[in-house]
Amino acid sequence: MFLCKTKPTDKWLDAQCDGTAALHTLPSCMTLCDLKNDNYYQLVVVDVPMSDFDTKPKLKVYKGTNLISEQHLPGIPSAVESLYINDQEPRIPIIAVAVESSVLFYRNMKPYYKYTIPSMTIEPLEVDVWKKLPVERGEPLEALIDSLRTIEPSQMTLQTQELLSLPESERGGYIHSNAERKLERLSIITAMATIKKASNEPKASSCLILATESGEMLFLDTQAFFVLAQAKVGPFHGTPSMISASGQYDIDYRVVITTREGALYLLRKGWLTGQHIVKLEAPAAGLSLLPIDQTIVVVCMNRSLVCYSKKGKKLWTVKLPQPAVCMTPVCLPHLGINLVCVGLKGGLVQFYSQKKLVDQFYAPESVSALSFGRLGQEEHVLILVTTDGSLIVKILKRTAAFVTTENMYDVKEAEEPPGSMQIPKKTKIFVEQTLREKEHAATIHNSFQSELWRMRLTTARATVDVINSADSNMSTVDVGIAPIKLAAEVLGLGPTFKLFLVLENISTRKEVMGLNVLIQADHRHYVVERPHLRLPMLVPGAPIRLDFRVTVAMDSADGLPPVDLTSENSYVKVLVFKTGQTKPLIASTVVMPQSEPQFLSSF
């Protein structure tokens, strides 16, 4: 492998660099995902041929900078996304590739499903003309073809556009070969993004957002593959070029759209048409909707980095030293900040926290695509693809702190008189932190409230799950009996264990009758002797101690435990229920220890 070096920086580690990768891609055609559900994230990228247009693009998977798989694509894609289509185990991600009018879905890097966007209406004149074209000759044929020119090119089907572009000598053969072909008018997918459906968990199920050249926004259900919602980009005709989304589809979401005409639109849940926010000064080269403060950051082709509010108010602007090529958000929740990384022409890569430049370094060549996220087992990794085809991987140092050497928050410092007492370093840090909180009180408050409500929502959902599943060591189901407490203990080295249960009636004067205990275990892993047991009356203050024999299902061939028995699935379920009731009073999970290796007693 050819190693290349970038200009050193004190915040990023040069992990890997492959100068011979010959990788050419687009900024929207890179994604990071846990392909095999082994908590090891890999890079999925589309290699677009730049010189040989006869060569088909390839969907490649990299483990670090090592290419591990590739396959051909039918055309040049406009975007690539990774998402989860359901919440079932194992959590295997789906790779969505938008090519022309279709989205190709891959599971385990094998074709899974092909979805084609709904067709648009066709002009009645075009349908009538194509019915008459195969039977007409001479001047009537030419008159019919001329009548097709009265239709707007954007309203024509691709079949008609190809016919009008042919010379007169080739039109007859084209009409004859396409006479029986069904007219179909499909738009082209120009941008694609994902949003979570109901939960904000990293591996929760997601919806796919498709932006088409006709100005339509489609929200696609990736489990049943049907359109959940449809909206127009804006009140005026515009062709979307980039989209960025945040939120959950079932709760609330926001989608920010830039168009080729230089307009910026905002689309929210329930809207049928996007709201025009602002007219950009120049076409956009990058777009990001930051998650915490919901500000919109756009990098334009006139060397400017601009931030807008949701209502279109310009919050700040920064003049860039070179034209921008691409941009990606850098979310650092452990530091409580959101940065934007901008790749500039000439190889300069800059990081901005709001309008302040907090870090920069130089790549060997101009960066054509950027991506930030998890790679391998590292959480904060920056991936760069340069114009000469190099693949560069940088890891953020755990000690990195994005603070400028200048006065970052524009606080005027008084000059110290000669002979004054020097302020300790910790005191300076405390004062700077206080000033930062004063300057950014609203942003910090919004971030705190967002995390607080997310914690409350997570707690409420966990509480509901416990109540619904009765997964606890205390009875929570109200069936008119006294509360019961369960304690479990496992003894032994294996492969045979003793499971001891202690059931106690914790009421003061009420007895309990008609209880049953059931031990549930995977028969491929454990064998339970006497799994069901009826209990006598439970009186207050007199706990009952029960014991069950649980044996590991050893392989008869080699005398070893099953190969699929791991620490994650080595458990049994203890259910306590009342006769005649369908819902258990207690459903407790007991983790079983790993069986010690058995040695031969004789040699």
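Everything below is about the structure printed above this text.
Procedures and definitions
- Residues numbered from 1 in each chain as written.
- Predicted model: local features only at pLDDT ≥ 70, side-chain atom pairs only at ≥ 80, totals over all residues.
- Heavy atoms only, no water.
- Helix = DSSP H or I, 4+ residues; strand = E, 2+ residues; numbered from the N terminus.
- Contact = heavy atoms within 4.5 Å.
- Areas by Shrake-Rupley, 256 points an atom, 1.4 Å probe, with all protein chains shown as cover.
- Lys, Arg positive; Asp, Glu negative; His and termini not counted.
- Charge placed at Lys NZ, Arg CZ, Asp CG, Glu CD.
- Phe/Tyr/Trp six-rings, centres within 6.5 Å; stacked < 30°, edge-to-face > 60°.
- Buried < 20%, exposed > 50% of the residue type's maximum accessible area, 1.4 Å probe, protein only.
- Lys NZ or Arg CZ within 6 Å of the ring centre and 35° of its normal.
- Pairing = 2+ DSSP bridges.
- Axes fitted to C-alpha atoms, helices over the stretch in contact; angles between N-to-C directions.

Trainee: In this structure, what is going on with the overall build of the chain? I would like to understand it.
Mentor: Counting its secondary structure elements, the chain contains six helices and 36 strands. Considering only C-alpha atoms, the chain reaches an extent of 100 × 95 × 60 Å along its principal axes. Here the contacts in the chain between residues at least 6 apart in sequence split such that 50% fall between residues at least 24 apart. As presented, the chain carries roughly 32,500 Å² of accessible surface, and 54% of it is formed by carbon and sulfur atoms. When the 63 positive and 63 negative side-chain charges of the chain are each reduced to one mean point, those points stand 6 Å apart.

Trainee: It is not clear to me how the packing of aromatic side chains should be interpreted in this structure. Could you clarify?
Mentor: What describes a pair of aromatic rings is the distance from one ring centre to the other and the angle between the planes of the rings. Here the structure, examined in full by the defined rule, presents nine aromatic pairs. Centre to centre, the rings of Phe-351 and Phe-361 are 6.0 Å apart; their planes meet at 40°, and the pair counts as tilted. Placement of the pair is Phe-351 in strand β24 (residues 348-353) and Phe-361 in strand β25 (residues 356-362), with a sequence separation of ten residues. When its relative accessible area of 2% is taken as the criterion, Phe-361 is described as buried. Linked through ring pairs, Trp-12, Phe-351, Phe-361, Phe-372 and Phe-402 together constitute an aromatic cluster. Across from the ring centre of Tyr-249, 4.5 Å away, lies the NZ or CZ of Lys-269, which sits over that ring.

Trainee: Quick question: what am I supposed to make of the sheet that holds strand β5 (residues 66-72) here?
Mentor: For sheets, the rule is that strands pair by backbone hydrogen bonds, running either parallel or antiparallel. In space, the four strands of this open sheet follow the order β2-β3-β4-β5, with antiparallel pairing throughout. Each end of this open sheet is capped by a strand with a single partner; those strands are β2 (30-33) and β5. Strand-to-strand, the axes of this sheet are offset by a mean angle of 20°, without reference to chain direction. As defined by bridge partners, β2 adjoins strand β3 (residues 42-47) across four bridges and the pair is classed as antiparallel. Its bridge partner lying in β3, Met-30 is registered against Val-45.

Take it as geometry only, folks, not as evidence of what the structure does.
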